[in-house]
Amino acid sequence: MDREHIGSALPARLRVETRTVGESEVLTPVGELDHHTAELLRDPLDGALDAGRSRLVVDCSGLEFCDSTGLNVLLGARLRADAAGGAVHLVGMRPAVARVFHITGADTVFTVHDTLATALPD
């Protein structure tokens, strides 16, 4: 255990890239989304919503792990996007991450896509 970083996000554990594609804000978290790294995804999600971008696409293809805190970050963004007339779309979930969503039933409240191309409107 790395005692120097207890309670803080290790930059190498999660990286989030963002870009705008048409009407969508695409966020690509890479690494582990958990209690210690959740803010690294929450901040850009909130930033996009605060800027009026309510169609969020989260490309989960690089997400290796997601715990309940990470799930709650995505659910919170979904509620805010929905209230603004938008939605959160999830893309390319790996089996371990998809299992968390399936077990909790969260997969029924998100639109889930296999590929980024299918998540982005024409």
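Residues numbered from 1 in each chain as written. Predicted model: local features only at pLDDT ≥ 70, side-chain atom pairs only at ≥ 80, totals over all residues. Heavy atoms only, no water.

As recorded in an unreviewed UniProt entry, the protein goes by Anti-sigma factor antagonist and comes from Streptomyces bikiniensis. UniProt, in its Sequence similarities (unreviewed entry) section for the protein, records the words "Belongs to the anti-sigma-factor antagonist family." (UniProt positions renumbered as here; feature names shortened; annotations may be inferred.)

Draft legend 1. Structural detail: helix α2 (residues 68–83). Taking 1.5 Å of rise per residue, the 16 residues of α2 would be expected to cover 22 Å, and the 22 Å separating its terminal C-alpha atoms lies within 8% of that figure. Of all the positions in α2, only Gly70, Leu71, Val73, Leu74, Ala77 and Ala81 are classed as buried. Viewed end-on, α2 has its buried residues packed into an arc of 155°, placing them on one side of the element. Opposite the packed face of α2, turned more than 90 degrees from it, sit the exposed residues Leu79 and Ala83. On its buried side, α2 packs onto β2 (24–33), α1 (38–50), β3 (55–59), β4 (63–66), β5 (87–91) and α3 (95–104). Measuring from the backbone nitrogen of Thr69 back to the side-chain oxygen at the start of α2 gives 3.0 Å, which picks out Asp67 as the cap. Downstream of α2 by one or two residues, Gly85 has phi in the positive range, about 85°. (Helix = DSSP H or I, 4+ residues; strand = E, 2+ residues; numbered from the N terminus. Expected span 1.5 Å × (residues − 1). Buried < 20%, exposed > 50% of the residue type's maximum accessible area, 1.4 Å probe, protein only. Arc of directions from axis to C-beta. Contact = heavy atoms within 4.5 Å. Polar contact = N/O pair within 3.5 Å; in protein donor to acceptor, adjacent residues only side chain to side chain.)

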